[in-house]
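Here is what each chain is made of, one letter per residue.
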Amino acid sequence: MALEDTLPEIEVREGVDRETIETVQAMAGKYKHGWETEIEMEFAPKGLNEEIVRLISAKNGEPEWMTEWRLAAYRRWLEMTEPRWAMLNYPEIDYQDLYYYAKPKSMEVKPKSLDEVDPKLLATYEKLGIPLKEQALLAGVEGADAPQRVAVDAVFDSVSVGTTFKAELAKAGVIFCSISEAIREYPELVKKYLGTVVPQSDNYFATLNSAVFSDGSFVYIPEGVRCPMELSTYFRINAENTGQFERTLIVAEKGSYVSYLEGCTAPKRDTNQLHAAVVEIVVLEDAEVKYSTVQNWFPGDEEGKGGIYNFVTKRADCRGDRAKVMWTQVETGSAITWKYPSCILRGNESQGEFYSIAIANNAQQADTGTKMIHLGKNTRSRIVSKGISAGRAQNTYRGQVTMHPRATDSRNYTQCDSLLIGDQCGAHTVPYIEVKNNSSRVEHEATTSKVDDDQLFYCRSRGMDEEEAVALVVNGFCKEVLQALPMEFAMEAQALVAISLEGSVG
Amino acid sequence: MLKINNLHVKLEEEEKVILRGVDLEVEAGKVHAIMGPNGSGKSTLSYVLSGRDGYEVTDGSATLEGEELLEMEPEERAAAGLFLAFQYPVEIPGVGNMTFLRTALNAQRKARGEEEISAGDFLKLVREKAASLKIDADMMKRPVNVGFSGGEKKRNEILQMALLEPKMCILDETDSGLDVDAMKLVSEGVNALRDEGRAFLVITHYQRLLDHIRPDVVHIMANGRIVKTGGPELALEVEKNGYADILSEVEA
Ligand SMILES: Nc1ncnc2c1ncn2[C@@H]1O[C@H](COP(=O)(O)OP(=O)(O)O)[C@@H](O)[C@H]1O
Ligand SMILES: [Mg+2]
């Protein structure tokens, strides 16, 4: 193979890597999104009761059926107990000591377009690197053809502040709006799908979310449509002592395709903040959904003070034959992560994939993984999990693979790698495997390794400093997952990997 | 260029002394070779000079162009112009060889206050250097040293050296495990870099390499010391008679 023929192709990837290093170097501080926006907020009174649930529903201008749906969830929740089976250690959460609704005052009268949105809010997203303007976002990598366009729905505390590229998406028949708007504008669609993937009573946190979710995103891709751009939601928790409960619903009709990105940050605070989200994805015949997350909630300080408690239920239901879903997550933030994006492979020949990087540094704890529930014949699933632990962190992969009797000739492949930095952290792998037919096969491979001093010395002897060396080695370890991300996200993710491991060596 | 003075080194974790007073001076533009039996401390010397953990310098000093080497971090030594071609190059899974090279080069340039190299210039540079070492595009794409043959690993070390253009190059048994053709490539790579402002310290067991890279000075190391220094003829003597004669002569 001649060198000349192939180098330009490498070059695109090279650009990504260089950019990463630059970004990392540019980020002097530790958690770079730790600032707060000073903005007048409207809060509902602290605590949770039926009145608060009604108030949230009223604030969103919801129809009666939605209010009742929430109340049913709330009543259910009262009878449930918080799950404690995860390998997570945290003090009791006082659910009455939280605000369940916070909204910038300037959003009182709903802005009709982005031009009317409070400049302070726009500036917040600008500062986060997510300009809410209809222009090429996250301009492309050197050598890439055209800058990639991404439509953004920005959620600030409890409300969506704006969605970009709506008109253009509408031309393709794609609906992309906040969930509160969808409840008002497309009640039939919401009614048909909401709670059908993650039922109200699914688990403690999902039920809580069903009662109090304030906003989130709604995506509908009509039959046969390939969404003309990437869609993304950007969540920002700003207000103190405020829970964030967003709800995302994605419906991909027959033969459609969408790639969806989700990013999250929060200010530095020394108290913990609760985040309990639900994401439901419905994938019909021959449709494909890619869902990527870069989660960078404030992880707490070195001593483990503060940080987000992240209890998230994400599930995709491959309802039609040959439906495909792919979850990719880069979890670097949060004090506590409790999250298992799952795939229900109901349709015959449907496919589920899960690619995950979970980094826990300092006192962070992560208990994360996936569930692949094979119900249809000839279904396939693939799990690639990369767990990185540093400091005193505990990182657990928890994964379930179930092959039902009807799911004949199905396959799962699981690869689960853990990397330890230092000797005070822990990595755990907890696989649950159930195979209830004779023709299906499940493969599970797991490795645990340490960041190798020889590798770091080798890098340093070539001129890289210690943090650059760690970032390079760890990014190499995560390569397979990083490659599964859309390119713009891959850069951000590589940078994040480096930042979240700062101070983990030496 | 490189000045080593009475260098004493022991292992950090145990009371094992490895270097017992090494004295060595390599002038700019010169090639020095170090030969010596296995276990005499040659690799240790190269590691200590480049700043690997696990060793304790109990006495002596080492300077590169007058700068105290032993005080510096490994990356500072690299930026100052020191390079070690490893006896056992390290594998880094998932990190493309090209990425590694570019990260290293830019890190050094940055440390020296120079601008980062542009994508285009970097490509041109790598292409040219890689071609002369017969390193193909596939090898540039693969993860650093992973699945490389012994010869490929050594050629890759020389590629790094050619790209980073260090002032002081230490080659630790770069010839071991090479077939005749690879040996030629590697030597040509080294010879191409020979220049007034650059010095080499070539650690080897074999005259074979020194046939290609003609040294100005040859040192024999034994038991943690340089025990004999001479011209190229010293290497020929070792080739013919082994170390036994020299060692007994020194001990006598
Ligand atoms: N990290 C180490 N731990 C234990 N022994 C070591 C270590 N490094 C070097 N040695 C010992 O020091 C001596 C010199 O080793 P080395 O420098 O590799 O010699 P050479 O390269 O000349 O063959 C050997 O006896 C070797 O076993
Ligand atoms: Mg050796």
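Above this text is the structure in question.
Every value quoted in this text rests on a predicted model; they were computed, and no experiment measured them. For every chain, the first residue of its written sequence is number 1, and the numbers climb from 1 along that sequence. Chain A is the first chain written and ligand 1 is the first ligand written, with later ones labelled in order. Side-chain atom pairs in this predicted model are given and counted only at pLDDT of 80 or more, local residue features only at pLDDT of at least 70, and totals for whole chains, interfaces and linings cover all residues. Heavy atoms throughout the structure, all of them, feed into the side-chain values; hydrogens and water do not.

Draft legend 1. Structural detail: the overall build of chain A. Only runs of H or I of at least four residues qualify as helices and only runs of E of at least two qualify as strands under DSSP, and these elements are numbered from the N terminus. For chain A, the helix and strand inventory stands at twelve helices and 23 strands. Contacts were defined at the residue level, with two residues in contact if any of their heavy atoms lie within 4.5 Å. Taking the contacts inside chain A whose residues are at least 6 apart along the sequence as the reference set, 84% of them involve residues at least 24 apart. Per-residue and other accessible areas were derived by the Shrake-Rupley procedure at a 1.4 Å probe size, with only the shown protein chains allowed to occlude residues. Summing over all exposed atoms, chain A offers an accessible surface of approximately 18300 Å²; the carbon and sulfur share of this is 47%.

Draft legend 2. Up close: the overall build of chain B. Assigned secondary structure in chain B consists of ten helices and twelve strands. Only C-alpha atoms enter the radius of gyration; for comparison, a globular chain is expected to reach 2.2 Å times N to the power 0.38, where N is the number of residues. The C-alpha atoms of chain B give 18 Å as radius of gyration, which agrees with the globular expectation for 252 residues (18 Å, within 12%). Taking the principal axes of its C-alpha atoms as reference, chain B extends roughly 60 × 40 × 35 Å. Each residue is assigned to one of three classes by its accessible area relative to the maximum for its type, calculated with a 1.4 Å probe on protein chains only: buried under 20%, partly exposed between the two thresholds, exposed over 50%. In chain B, which comprises 252 residues, the share counted as buried stands at 56%. Sequence-distant contacts, at least 24 apart, represent 69% of the contacts inside chain B between residues at least 6 apart. On chain B, the mean spot of the 30 positive side-chain charges and the mean spot of the 44 negative ones are 5 Å from each other. Charge counting follows a simple rule: Lys and Arg are positive, Asp and Glu are negative, and His as well as the terminal groups are ignored. By convention, the charge on Lys lies at NZ, on Arg at CZ, on Asp at CG and on Glu at CD.

Draft legend 3. Quick look at the packing of aromatic side chains. All names here are of chain A. Any two rings among Phe, Tyr and Trp, with Trp reduced to its six-membered ring, count as a pair given centres within 6.5 Å; such a pair is stacked if its planes are under 30 degrees apart, edge-to-face if over 60, and tilted if neither. All chains considered together, the criterion is met by 24 aromatic pairs over all chains. Taken together, the aromatic side chains of Tyr 74, Trp 77, Trp 85, Tyr 90, Tyr 95, Tyr 204, Phe 205, Tyr 309, Phe 311, Trp 338 and Tyr 340 make up a single cluster linked through ring pairs. Just above the ring of Phe 213 sits the side chain of Arg 70; from NZ or CZ to the centre is 4.1 Å. A ring is considered to have a charge above it if a Lys NZ or an Arg CZ atom is located within 6 Å of its centre and within 35 degrees of its normal. Between the NZ or CZ atom of Lys 386 and the centre of the ring of Phe 477, over which it lies, the distance is 5.1 Å.

Draft legend 4. Molecular detail of the pairing of strand E21 (residues 411-420) of chain A. Residues and elements named next belong to chain A. With respect to burial, E21 is a largely interior element, nine of its ten residues being buried. Pairing analysis gives ten bridges linking E21 to strand E23 (residues 441-450), with the strands arranged parallel. Directly across from Cys 416, in E23, lies its bridge partner Ala 446. Strands pair, by our definition, only if DSSP identifies at least two bridges between them.

Draft legend 5. View of the coordination of the magnesium ion (ligand 2). Bound to the magnesium ion (ligand 2) on the protein side are Ser 43 of chain B (OG) and Gln 87 of chain B (OE1), at distances that span 2.1 to 2.4 Å. Of this pair, Ser 43 of chain B sits in helix H1 (residues 42-50) while Gln 87 of chain B sits in the loop between strand E6 (82-85) and strand E7 (92-96), placing them 44 residues apart in sequence. In this listing, donors mean N, O and S atoms no farther than 2.8 Å from the metal, or 3.2 Å for Na, K and Ca; water is missing from the atoms, so a site can look incomplete.

Draft legend 6. Looking closely at the pattern of salt bridges. Counted as salt bridges are all cases of a side-chain nitrogen of Lys or Arg within 4 Å of a carboxyl oxygen of Asp or Glu. Under the definition given, this model contains 32 salt bridges over all chains. With its nearest N and O atoms 2.7 Å apart, the salt bridge here joins Glu 62 of chain A to Arg 70 of chain A. Each member of the pair, Glu 62 of chain A as well as Arg 70 of chain A, carries the same accessibility label: buried. When the shortest N-O distance is used, the salt bridge between Glu 91 of chain B and Lys 153 of chain B registers 3.4 Å. Of this pair, Glu 91 of chain B sits in the loop between E6 and E7 while Lys 153 of chain B sits in helix H6 (residues 150-164); the two residues are 62 residues apart in sequence, bridging distant segments of the chain.

Draft legend 7. Seen up close, the site of ligand 1. Residues and elements named next belong to chain B. Whether a residue is near a molecule or strand depends on its heavy atoms: if one lies within 4 Å, it is near. Residues in close proximity to ligand 1 include Leu 11, Lys 16, Ile 18, Pro 37, Asn 38, Gly 39, Ser 40, Gly 41, Lys 42, Ser 43, Thr 44 and Tyr 55, which together make up its full environment. Throughout this description, a polar contact denotes any pair of N or O atoms lying within 3.5 Å of each other; where both atoms belong to protein, one of them has to be capable of donating a hydrogen while the other can accept it, and for residues adjacent in sequence the pair is counted only when both atoms sit in side chains. Contacts to ligand 1 include Lys 16, whose side-chain N or O atom sits 3.4 Å from an oxygen atom. Compared with its free state, where it exposes 550 Å², ligand 1 has 63% of that area covered by protein. When residues in the shell around ligand 1 are grouped by element, the largest group, three residues, is from H1.

Draft legend 8. How the structure looks around the pairing of strand E1 (residues 2-11) of chain B. Residues and elements named next belong to chain B. Looking at chain direction, E1 and strand E2 (residues 17-26) are connected through seven bridges and run antiparallel. Note on E2: the bridge partner recorded for His 8 is Arg 20. Count of turn residues in the E1/E2 antiparallel hairpin: five residues. With eight bridges connecting them, E1 and strand E4 (residues 55-64) associate as antiparallel partners. Bridge pairing in E4 places Leu 2 opposite Leu 64.

Draft legend 9. Summary view of the side chain of Ser 461 of chain A. Along the polypeptide, Ser 461 of chain A turns up in helix H9 (residues 453-461). For Ser 461 of chain A, a relative accessible area of 3% translates into the label buried. Engagement of the side chain of Ser 461 of chain A in a polar contact is seen with the side chain of Arg 462 of chain A, the distance being 3.2 Å. Setting aside anything within four residues of it in sequence, one finds Ser 461 of chain A in contact with Pro 74, Ala 78 and Phe 86 of chain B.

Draft legend 10. The arrangement of H1 of chain B in detail. Burial within H1 of chain B is extensive, with nine of its nine residues counted as buried. Of the residues making up H1 of chain B, those classed as buried are Lys 42, Ser 43, Thr 44, Leu 45, Ser 46, Tyr 47, Val 48, Leu 49 and Ser 50 of chain B.

Draft legend 11. Here's a closer look at H6 of chain B. Residue and element names in this part refer to chain B. Given the number of residues in a helix, its expected span is that number minus one, multiplied by 1.5 Å. When the terminal C-alpha atoms of H6 are compared, their 22 Å separation across 15 residues agrees well with the 21 Å that a helix rising 1.5 Å per residue should span. Counted residue by residue, H6 has 14 buried out of 15 residues, so it is predominantly covered. Following H6 by one or two positions, Glu 165 adopts a phi angle in the positive range, close to 45 degrees.

Draft legend 12. Layout of the sheet that holds strand E12 (residues 225-230) of chain B. Residues and elements named next belong to chain B. Strand order across the open sheet formed by six strands is E6-E9-E10-E3-E11-E12, with mixed pairing between neighbours. Two strands bound the open sheet, and with one partner strand each, they are E6 and E12. Taking the axes of each pair of neighbouring strands and ignoring which way they run, one obtains an average angle of 20 degrees across the sheet. Bridge count between strand E3 (residues 31-35) and strand E10 (residues 199-203): four bridges; the pairing is parallel. Helix axes are fitted to C-alpha atoms over the stretch in contact, other axes to C-alpha atoms as well, and angles between N-to-C directions run from 0 to 180 degrees.

Draft legend 13. Focus on the sheet that holds E4 of chain B. Residues and elements named next belong to chain B. On the basis of which strands lie adjacent, the open sheet formed by four strands has the order E2-E1-E4-E5 and antiparallel pairing. Edge positions in the sheet fall to E2 and strand E5 (67-68), since each has one partner strand and no second. Along the sheet face, H1 touches E1, E2 and E4 and points at about 105 degrees away from the line of E1.

Draft legend 14. View of a negative patch on the surface. Within the patch definition used here, like charges are joined within 9 Å and nonpolar side chains (Val, Leu, Ile, Met, Phe, Trp, Tyr) within 5 Å, considering only residues with over 30% relative accessible area and no salt bridge. A cluster of acidic side chains, namely Asp 452 and Asp 453 of chain A together with Glu 12, Glu 13, Glu 14 and Asp 53 of chain B, defines a negative patch on the protein surface. Topologically, Asp 53 of chain B is positioned in the loop between H1 and E4.

Draft legend 15. Geometry of the packing of helix H3 (residues 64-78) of chain A against helix H8 (residues 204-212) of chain A. All names here are of chain A. The geometry of H3 relative to H8 is characterised by a closest axis approach of 7 Å and an angle of 145 degrees between their N-to-C directions. Our pair here, H3 against H8, has a crossing hand that is left-handed. Two secondary-structure elements touch here, H3 through Trp 69, Arg 70, Ala 73, Tyr 74, Arg 76 and Trp 77 and H8 through Tyr 204, Thr 207, Leu 208, Ser 210, Ala 211 and Val 212. The class makeup of the residues in the contact of H3 with H8 is eight nonpolar, two polar and two charged. Definitions for this section: a left-handed crossing has its near helix turned counterclockwise from the far helix by less than a right angle. A right-handed crossing has that turn clockwise. Throughout this entry, Asp, Glu, Lys and Arg are counted as charged residues, while Ala, Val, Leu, Ile, Met, Phe, Trp, Tyr, Cys and Pro are counted as nonpolar. The remaining residues, Gly among them, count as polar.

Draft legend 16. Examining the environment of Gln 394 of chain A more closely. Residue and element names in this part refer to chain A. Topologically, Gln 394 is positioned in strand E20 (residues 394-403). Separated by 95 residues in sequence, Gln 394 and Phe 489 have C-alpha atoms that sit 26 Å apart. Not counting residues within four places of it along the chain, the set of residues in contact with Gln 394 comprises Ala 360, Gln 364, Gln 365, Ala 366, Gln 424, Cys 425, Gly 426 and His 428. In this structure the side chain of Gln 394 is engaged in a polar contact, spanning 2.6 Å, whose partner is the side chain of His 428.

Draft legend 17. Representation of the environment of Val 90 of chain B within the structure. Considering the arrangement of structural elements, one finds Val 90 of chain B in the loop between E6 and E7. Considering only alpha carbons, one finds Val 90 of chain B and Val 146 of chain B, 56 residues apart in sequence, at a separation of 8.4 Å. If we skip the residues at most four places from it in the chain, Val 90 of chain B touches Asp 454, Gln 455 and Tyr 458 of chain A together with Val 144 and Asn 145 of chain B.

Draft legend 18. Highlighting the side chain of Asn 203 of chain A. Residues and elements named next belong to chain A. Among the secondary structure elements, Asn 203 is positioned in the loop between helix H7 (187-193) and H8. Owing to a relative accessible area of 14%, Asn 203 belongs among the buried residues under this scheme. Separated by 2.9 Å, the side chain of Asn 203 and the backbone nitrogen of Phe 205 make a polar contact. Leaving out residues up to four positions away in the same chain, Asn 203 has contacts with Met 80, Thr 313 and Trp 338.

Interpretation in functional terms is not warranted from these geometric data alone.
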